[in-house]
Amino acid sequence: MKHFLVLSMVLWAQALYCQNFTISGFLSDSLSGEKVLYGAIGIGELNTGTSTNEYGYYSISVPKGSYHILVNLPGFEVKRQLVKVDQNVKLNIDLKQQAESLDVVEIKTNSKETDQNLKKAEAGVIELDVQELNKVPVIMGEKDVIKTLSLMPGVSLAGEGSTGLYVRGGGIDQNLLLLDEAPVYNPSHVLGFLSVFNSDALKDMKVYKAGAPARYGGRSSSVIDIRMKEGNNKSFHGKGGIGLIASRLSLEGPIKKDKGSFIISGRRSYLDLFTRLSPDPLIRQTRLYFYDLNFKANYTINQRNKLFVSGYLGNDAFGFKDEYDPGFTTKQKILWGNKTSTIRWNHLFSNKLFSNTTLIFSDFKFGASFEDKYDDFVSELDYSNGIRNYSLKQDFTYYLNNNNKLRFGTEINNQIFSPGVYKYVENNVVEQSNTEQKQGLEASVYLLNEQKINDRLNLNYGLRVSSMNLYGPSNHYDFDDNGSIIDSTRYRKGVFFKSFFGLEPRFNSSYRLNKVSSIKASYARMMQYLHQVSHISSGTPLDYWLPVSNFLKPGISDQVSLGYHRNFAKNKYEFSVETYYKEMQNVVDYKDGAFTFAADSIEGELTIGRGRAYGAEVFLKKRTGKFTGWISYSLMRSERKFDDINKGQWYLARQSRTHDISAVEIYEITKKHRISLSWVYNTGDAVTFPSGSYQIDGITYRLYSERNASRMPAYHRLDVSFDYQVKKTEKFESSWNFSVYNVYNQMNAYAINFRNDYYNPGEIKAYKLTLLPIIPSVTYNFKF
Amino acid sequence: MRKIIIYITLIFTTIFISCENEIDLDLDQSAQRLVIQGNVSNNDTSVAVLITKTGGLNQESDYETVNTAEVRLKYDGITLDIPSTGSGNYNYVGLIPELGKEYNLEVMIDGKTYKANTTFPSEIEANALTPEVDFVDPFVELQNSIKCKKGSNYLWYLSGKNGVPDPNYYLYVSPYFIENDGDSVIKTTSFYISFDGNLSVGDTITSFYRNIDAVTYDYFSELIEASYQDIGNLNPFNAKGNFDDVSVLGYFGSYYQSEAETVIK
């Protein structure tokens, strides 16, 4: 380690000695003014280059002279610009879009140089193009980044009708889901049939399945970084869609031309508008809807300062009231939703030092209430849970030279947990949980370097130091090995009483074997200081978050990953194969028979153990032409080990799906017609089924196999989508989308229940619960 | 409360289109496991042990019994051999268990020994009060007063008709537990029992109150939790007893039983 540091310092010192001037600025789409993220910029004369950061900023060092700046990104016309350098140069580059078919006006903000997938020192990374997202078949006309992400290797949905993700054998609570840097704790609408992310408002999505750079922290399995659009700063535009279950509308335009812009994007479902027309009072009084609103505004104060404000607000509601007879009424109401807000300040201290200061707010709340009245009998149940955080982040990017980009920063994150709280009142007799709010201050600092050793070898290495500091008012418990409370201490408001620390080294490398292929390797330790308690495996809004405690130790994962990447036919095809091995410490699972509805002393219901996951992923993608798409295959095994489950032996985690295949095919029939399909197949989840019976006191009970020793039936489904462009003028265009979810009506099992046969009570039969059969839908889309 | 979470979960899973169909699954058969149920009580048969083996998934009777085991009860340096009485039963008559005393059970089968222990709970005294009967539905509301002594933490209520331990009249599927940490408390309890049209004047209803030890309470609590596993996504499990080998199903516990009789008029 010591030698490595010395070597790095020598290299940096050499670089410092050689540098002269900088060319720096922003890379933008000329049509909309949207910044182009992660776009590569080259200087042919020097055989060097760089790429823009997540705000579209770049900085490159050159000696005095004249140079051709070259930007060649797919979807844009090639840009060559001669620049004379005899001092530091500010150069904002506007890229002109290439004419295309159906998506000609789609904003190109996520384009990558065609062989960047070979160059970057990033193993296990998925960059999802919003344009691709628009072409993938959708459910009920609603495009969805999370559903599309699950079609990539190593990523799968926790279940049908779920937005929970399993990434390389990790749990759904081990993914850091960021929307403009604000964590989203529960990304589901309508149970999970749709995610909360409105694709019309999104610009870019980057997923780190392994080797996440040190600037990310807080979860142990993956990072899903979603960025919203900034809005068109040239002219006013809108787009929207009218679908069967929901409609959406986005408006964007300049606040002041070329200086600032805004985008506001909303969706609402309207099933409840129809139910109000029903003659049936039960249906008429049923409420079932969701809505969400994304907004973002930015303003360039001057060459050195730019402000961004963005946010998300979304809610789901389900409720009904019924009167079975004049004396008996029942009312039920369930509400949940997320709120996020991000304020960012980009500041250039110099051409080489880029700073971003971010204030973040995020909040998730779930509430349910049930009321039954029968004459004088009244029963009421209220249940709620939630989590809220306030964060302050400071990130710096220092362009040391063309071979070293230093990034460093800090983050303070105040988290307030409201685990499950219930109150049950029956005829004025009250039963309620004693759950109290818990607080923790998560703090971290990081330093990383993106280093180009030579034309073949790129590195990205760094260290994150993180901590979680619990503070009052709170009871601090000591637990025995079983999670039972043996002692407690009460701490006053603001008093810090327990801290956890961790070192998280990260390393990524890319070695270019030749012009068309490279190998990549990574190692990352990632930690998380909170755990999610889920009621069912696929995740619902009922799930709640808990901070670490004396019993719930920080989750830690160590992952090594090795991959081979190759492009074919002049980058028309992209191929990769990656393998990985991941070890997880302090994984949480339930004890047998755990009761997790409220969290008075939830630790007594949980058990702490270890996990490991390993596998291989193959990915083949055709990027250009009339026929595009990809095929991905994942081979995976994920296991858990707990002292008090399965006699302490390793067993399969539920998400251990041995085979997972996704195929997405998109065919541009004409400039106006496009057909696309996606097909998924995966091995069924590992589950526990009955495997015998026994008697106690003459009563027969089912005997269950060891934990997760059985398998759900395999899951497979085909979706098809057809787009037809109706009208296209300079000012307006419209199209229809016809899609069919689950074309061959595969009745996939969501859950399997075992019951005694009604006609033959001695026989136990299995019944599968199926959620989504074939669902056709039609959506009218428009832009102006 | 578990029912409430299951209810909410069901709402979530059925808000939209959902349906349920029978499915053929090729279920693996578990290797046979031992099931040992043992009790020390103040009944005439003061030590009762039943040893069986697990059966097939659809089996409801004729479980294989173990009649060749050596069963011993140890306490205070004394060892009692519990003789086999056939059909997997091992019974001993004549032991008068003592409050707070620890009893150790050893079961030897095929050269392997399985051990568990229990601490005998305190006495209780049950007295029947006047029942209220509804012959239309029909059901009976039984009221009993129970006198619990110090250490009586868990009570288990069962009922039967005319002294016949007919399983149909047992509230066995959902035993009624009362948590009580009081000292010599007299408690009045009410139970509503439906008799499916079989109730008539002159019938004798017997209420059985058992003051059970923590082991029995924990075991049956888990057994009831396990039987609620109707949503496939929760982790199903087998109730764990107190034998030193976790592969053994069942438990070894103890109880003090008091009975109260009342005649339907």
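### Some words on the overall build of chain B
In step 1: Each helix and strand in chain B was counted, giving 2 helices and 17 strands.
In step 2: Long-range pairs, those at least 24 residues apart, make up 65% of the contacts in chain B with a sequence separation of at least 6.

### Here's the deal with the overall build of chain A
In step 1: The secondary structure content of chain A amounts to 6 helices and 51 strands.
In step 2: Taking 28 Å as the expected radius of gyration for a compact globule of 784 residues, we find that chain A reaches 27 Å, a close match to that expectation.
In step 3: The dimensions of chain A, computed from C-alpha atoms along their principal axes, are 90 × 65 × 45 Å.
In step 4: The 784 residues of chain A split such that 49% are buried.
In step 5: Intrachain contacts of chain A at a sequence separation of at least 6 include 64% that bridge at least 24 residues.

### What to know about unusual backbone geometry
Residue and element names in this part refer to chain A.
In step 1: At the junction of Gly-472 and Pro-473, the peptide bond is cis and its omega measures out at 10° in the coordinates.
In step 2: Looking at the element boundaries, Pro-473 is found in the loop between strand 29 (457-471) and strand 30 (474-479).
In step 3: At Tyr-38, a position not held by glycine, the phi torsion is positive, near 55°.
In step 4: With respect to the element layout, Tyr-38 can be found in the loop between strand 1 (21-29) and strand 2 (40-43).
In step 5: In this model, Arg-168 sits at a positive phi of 45°, which is unusual for a non-glycine residue.
In step 6: Its place among the elements puts Arg-168 in the loop between strand 11 (165-167) and strand 12 (175-179).

### Some remarks on the environment of Ile-602 of chain A
In step 1: For Ile-602 of chain A, the location among the structural elements is in the loop between strand 37 (573-590) and strand 38 (606-622).
In step 2: Sequence separation between Ile-602 of chain A and Ser-484 of chain A is 118 residues, and the spatial gap between their C-alpha atoms is 9.1 Å.

### Points about the sheet that holds strand 50 (residues 764-770) of chain A
The strands making up a sheet associate through backbone hydrogen bonding, with each pair oriented either parallel or antiparallel.
In step 1: The antiparallel open sheet is built from 3 strands, whose spatial order is 49(A)-50(A)-1(B). Strands with a single pairing partner mark the edges of an open sheet, and in this sheet they are strand 49 (751-756) of chain A together with strand 1 (19-23) of chain B. Going across the sheet, the axis of each strand differs from the next one's by a mean of 35°, ignoring polarity.
In step 2: Both strand 49 of chain A and strand 50 of chain A contribute to a ladder of 6 bridges, which runs antiparallel. From the neighbouring strand, Ile-752 of chain A faces strand 50 of chain A, where its bridge partner is Lys-768 of chain A.

### Points about the sheet that holds strand 5 (residues 65-71) of chain A
Residues and elements named next belong to chain A.
In step 1: Sheet architecture is open: 4 strands sit in the order 3-2-5-6, paired in antiparallel fashion. Because the sheet does not close on itself, it has two edges, and the strands there are strand 3 (48-51) and strand 6 (79-85). Taking the axes of each pair of neighbouring strands and ignoring which way they run, one obtains an average angle of 25° across the sheet.
In step 2: Strand direction decides the pairing type here: strand 5 and strand 6, joined by 7 bridges, are antiparallel. Bridging from a neighbouring strand, Leu-70 pairs with Arg-80 of strand 6.

### Notes on the nonpolar core
In step 1: Val-145, Leu-165, Leu-202, Ile-226 and Leu-546 of chain A are the most contacted members of the largest nonpolar core, which has 101 residues in total.
In step 2: Take this core: its biggest share by element is 5 residues, from strand 37 of chain A.
In step 3: Those residues within four positions of Leu-165 of chain A in sequence are excluded, and the remaining contacts are Ile-146, Ser-150, Val-155, Leu-157, Ala-158, Ile-172 and Asn-175 of chain A.
In step 4: Formed by 47 residues, the second largest nonpolar core is a distinct cluster that contains Leu-703 of chain A together with Leu-50, Val-71 and Tyr-251 of chain B.

### Considerations on helix 2 (residues 214-227) of chain B
In step 1: Across its 14 residues, helix 2 of chain B extends 20 Å between first and last C-alpha, which sits within 8% of the 20 Å expected from 1.5 Å per residue.
In step 2: Among the residues of helix 2 of chain B, Thr-216, Tyr-217, Tyr-219, Phe-220 and Leu-223 of chain B are the ones counted as buried.

### Brief notes about the confidence of the model for chain A
Residue and element names in this part refer to chain A.
In step 1: For chain A, mean pLDDT is 86; residues scoring 70 or higher make up 92% of the total.
In step 2: The element-level mean pLDDT for chain A is lowest in helix 1 (residues 2-18), coming to 50, with strand 33 (residues 517-528) highest at 96.
In step 3: Counting interchain partners and residues more than four positions distant, the pLDDT-below-50 stretch residues 13-17 has 5 contacts.
In step 4: Within the model, the stretch residues 101-112 combines pLDDT values under 50 with 41 contacts to residues more than four positions away or in other chains.

### Digging into the confidence of the model for chain B
All names here are of chain B.
In step 1: Summary statistics for chain B give a mean pLDDT of 78 and a share of 72% for residues scoring 70 or more.
In step 2: Within the model, pLDDT remains below 50 along residues 1-7, and this stretch shows 7 contacts once partners closer than five positions in the same chain are excluded.
In step 3: Residue range residues 166-179 is modelled with pLDDT below 50. Its contacts to residues more than four positions away, or to other chains, number 32 contacts.
In step 4: Two summary scores accompany this predicted model of the complex, namely pTM at 0.84 and ipTM at 0.86.

### Here we look at the environment of Pro-183 of chain A
In step 1: As for its position among the elements, Pro-183 of chain A is in strand 13 (residues 182-183).
In step 2: When the C-alpha positions of Pro-183 of chain A and Ile-224 of chain A are compared, they lie 9.7 Å apart, and in sequence the two are 41 residues distant.

### Focus on the pairing of strand 5 of chain A
In step 1: Two strands pair when backbone bridges link them, and strand 2 of chain A and strand 5 of chain A are joined in this way by 2 bridges, in the antiparallel orientation. When the sheet's bridge partners are listed, Gly-42 of chain A is paired in strand 5 of chain A with Leu-70 of chain A.

### A short note on the environment of Arg-407 of chain A
Residue and element names in this part refer to chain A.
In step 1: Mapped onto the fold, Arg-407 is located in strand 26 (residues 404-426).
In step 2: Placed 273 residues apart in sequence, Arg-407 and Val-680 show a C-alpha to C-alpha distance of 39 Å.
In step 3: Discounting residues that sit within four places of it in the chain, Arg-407 has contacts with Arg-215, Asp-395, Phe-396, Thr-397 and Leu-448.

Conventions used here
- Residues numbered from 1 in each chain as written.
- Chains lettered and ligands numbered in written order.
- Predicted model: local features only at pLDDT ≥ 70, side-chain atom pairs only at ≥ 80, totals over all residues.
- Helix = DSSP H or I, 4+ residues; strand = E, 2+ residues; numbered from the N terminus.
- Contact = placed C-beta atoms within 7 Å.
- Rg over C-alpha atoms; globule rule 2.2 N^0.38 Å.
- Buried ≥ 20, exposed ≤ 12 C-beta atoms within 10 Å, placed from the backbone.
- Pairing = 2+ DSSP bridges.
- Axes fitted to C-alpha atoms, helices over the stretch in contact; angles between N-to-C directions.
- Core = buried A, V, L, I, M, F, W, Y, C linked by C-beta atoms within 7 Å.
- Expected span 1.5 Å × (residues − 1).
- pLDDT = per-residue confidence, 0-100.

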